[in-house]
Amino acid sequence: MSSPEEGVSIRFICPESPPPLPEQGLSRFRDWRREGRVGFLSLPGDLTLLRQCTELWEEVRTKLDPSDVVVAGIGGSALGLRALRSACGAGPRNAGRDVRFHLVDSPDVETIDRVTSVADPRRTLLVAITKSGGTAETLACFMELLGWLDEESGMVVAVTDPEKGDLRRLARSRGWRTLPVPPAVGGRFSVLSPVGLFPAMVLGIDCAALLEGAASALEDFDSNGMESVAGRLARAFLAHFVTHRVHAFFPYCDALFETALWFAQLWGESLGKKLDLDGRQVSIGQTPIACRGPADQHSLLQLFMEGPPDTFLTFLVVRQEIRPLPGGFGDLPAFC
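What you see is a predicted model; the values in this text were computed from it and never measured. (Residues numbered from 1 in each chain as written. Predicted model: local features only at pLDDT ≥ 70, side-chain atom pairs only at ≥ 80, totals over all residues. Heavy atoms only, no water.)

1. A word on the side chain of Thr314
Here's step 1: Mapping Thr314 onto the fold places it in strand S12 (residues 311-318).
Here's step 2: Classification of Thr314 as buried rests on a relative accessible area of 1%.
Here's step 3: For Thr314, the side chain forms a polar contact with the side chain of His247, separated by 2.7 Å. (Helix = DSSP H or I, 4+ residues; strand = E, 2+ residues; numbered from the N terminus. Buried < 20%, exposed > 50% of the residue type's maximum accessible area, 1.4 Å probe, protein only. Polar contact = N/O pair within 3.5 Å; in protein donor to acceptor, adjacent residues only side chain to side chain.)

Shown next, in the form of structure tokens:
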């Protein structure tokens, strides 16, 4: 399967025509969508959230003109953003602006010290991201960074539930600027909400184009159903979900390795279940592995080829420029 516009193809070690998805599962999905339980599907068309992020970033640039933006978040509040930053080629400085970007997703003191040793506490925007408002590791990072920040000249933004949670209450009492995480959007699916959009703007990523791309994938699914890219992916994955206990996600592009790490979270947290939808104990799941090709060909391939036949392999390949290697080594077969 491929997306010619983006130059990305996804290849599966699977039957040519995977069996259709069970009608019971499709019916429940349609019900959940009508009930608003899969809120992430509404994010590509939510231009209000995009406008809120844009307006806040313009305010920050005008009032603070930050030298540094430090984001504290973990799991769904960091992995999707990491994938965006890497896949879109965003560096530590954004779009020609003199702003350094730091993502703190671990309370490791050395990680935090590396940030505070180079950032300017007087010109730093500190962003705390936790949907619940109570994620322990995120708040630990945030509290230490808040103690370092010069609040009189620096700024704080809280990205959290629009109504509840300790971070929301603290933001109200301190008068910090805030952005909402829609209640119907799960944290690990929130990258197209302010969780990912606001930091992406700091990085100079075209968020409008990002949402347009997501909307096109959703339109393909709505128009073509199980013959859409998403539908065919789901069929292929489900066909081997029970028979293959391991799912190795193999991007052959270094910029997409962070996407593989995000995939591992999405797969593990979404599909590792003790109970099924009817409350029966099933203790089911498929262990995801983020692999980096071709590097992990030389560390894991023997296991995949000669070990237990229980690994489903997904290869993500990007069409890139092919460069001929320099010649002059004709007498050395390994170099030819």
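2. Remarks on the confidence of the model for the protein chain
Here's step 1: The share of residues in the protein chain with pLDDT of 70 or more is 93%, and the mean pLDDT across the chain is 91.
Here's step 2: Considering only residues more than four positions removed or in separate chains, one finds that residues 1-6, a stretch of pLDDT under 50, has 13 contacts. (pLDDT = per-residue confidence, 0-100. Contact = heavy atoms within 4.5 Å.)

3. Comments concerning the environment of Thr160
Here's step 1: Locating Thr160 in the fold gives a position in strand S6 (residues 155-160).
Here's step 2: The buried category is assigned to Thr160, whose relative accessible area is 0%.
Here's step 3: Once the C-alpha coordinates of Thr160 and Trp267 are considered, the two residues, 107 residues apart in sequence, prove to be 23 Å apart.
Here's step 4: If we skip the residues at most four places from it in the chain, Thr160 touches Thr130, Lys131, Ser132, Gly133, Leu167, Arg168, Leu179, Pro180 and Val181.

4. Examining the packing of helix H7 (residues 194-202) against helix H8 (residues 207-224)
Helix-helix packing is described using two parameters, namely the angle between the two axes and the distance between the axes.
Here's step 1: The geometry of H7 relative to H8 is characterised by a closest axis approach of 10 Å and an angle of 140° between their N-to-C directions. Classified by the angle between their axes, H7 and H8 sit oblique to one another. Across the interface between the two elements, Leu197, Ala200 and Met201 of H7 pack against Cys207, Leu210 and Leu211 of H8.
Here's step 2: Here the contact of H7 with H8 is composed, by residue class, of six nonpolar, no polar and no charged. (Axes fitted to C-alpha atoms, helices over the stretch in contact; angles between N-to-C directions. Parallel < 35°, antiparallel > 145°, perpendicular 65-115°, else oblique. Nonpolar A, V, L, I, M, F, W, Y, C, P; charged D, E, K, R; others polar.)

5. Structural notes on the packing of aromatic side chains
Here's step 1: Using the criterion set out here, one finds 14 aromatic pairs in the structure.
Here's step 2: Plain terms: the ring middles of Phe40 and Phe189 are 5.0 Å apart, the flat faces sit at 25° to each other, and that makes the pair stacked. Taken together, the residues Phe40 in the loop between helix H1 (23-34) and helix H2 (47-63) and Phe189 in the loop between strand S7 (177-180) and H7 connect sequence positions 149 residues apart.
Here's step 3: For Phe40, a relative accessible area of 31% puts it in the partly exposed group.
Here's step 4: Note on Phe329 and Phe335: the rings are 5.4 Å apart at their centroids and 25° apart in plane angle, and the pair reads as stacked.
Here's step 5: The exposed category is assigned to Phe335, whose relative accessible area is 54%.
Here's step 6: In textbook terms, an aromatic cluster arises when at least three aromatic residues are bridged by ring pairs, as seen for Phe237, Phe241, Phe249, Phe263, Trp267 and Phe312. (Phe/Tyr/Trp six-rings, centres within 6.5 Å; stacked < 30°, edge-to-face > 60°.)

6. Some remarks on the pairing of strand S8 (residues 246-251)
Here's step 1: Of all six residues that make up S8, six are buried, and the element is covered over most of its length.
Here's step 2: Strand direction decides the pairing type here: S8 and strand S11 (residues 287-290), joined by four bridges, are parallel. The partner of Val246 across the bridge, within S11, is Thr287.
Here's step 3: Summarising the sheet, S8 and S12 pair through six bridges and their orientation is parallel. Counted as the bridge partner of Val246 is Thr311 from S12. (Pairing = 2+ DSSP bridges.)

7. Points about the pattern of salt bridges
Here's step 1: Per the stated rule, a full pass over the model turns up 22 salt bridges.
Here's step 2: Across the pair Arg122 and Asp120 runs a salt bridge whose closest N-O atoms are separated by 3.1 Å.
Here's step 3: By relative accessible area, Arg122 is classed as exposed at 52%.
Here's step 4: The partner of Arg188 in a salt bridge is Glu269, and the shortest N-O contact between them spans 3.5 Å. You can see Arg188 sitting in the loop between S7 and H7 and its partner Glu269 sitting in helix H10 (residues 257-271), a full 81 residues away along the chain.
Here's step 5: In this structure Arg188 comes out as partly exposed when scored by relative accessible area, which is 22%.
Here's step 6: When its relative accessible area of 44% is taken as the criterion, Glu269 is described as partly exposed. (Salt bridge = Lys/Arg side-chain N within 4 Å of Asp/Glu carboxyl O.)

8. Quick word on a negative patch on the surface
Here's step 1: Taken together, the side chains of Asp108, Glu110, Asp113 and Glu144 make up a negatively charged region of the molecular surface.
Here's step 2: Relative to the elements of secondary structure, Glu144 occurs in helix H5 (residues 136-148). (Patch = residues over 30% accessible without salt bridge, like charges linked within 9 Å, V, L, I, M, F, W, Y side chains within 5 Å. Areas by Shrake-Rupley, 256 points an atom, 1.4 Å probe, with all protein chains shown as cover. Lys, Arg positive; Asp, Glu negative; His and termini not counted. Charge placed at Lys NZ, Arg CZ, Asp CG, Glu CD.)

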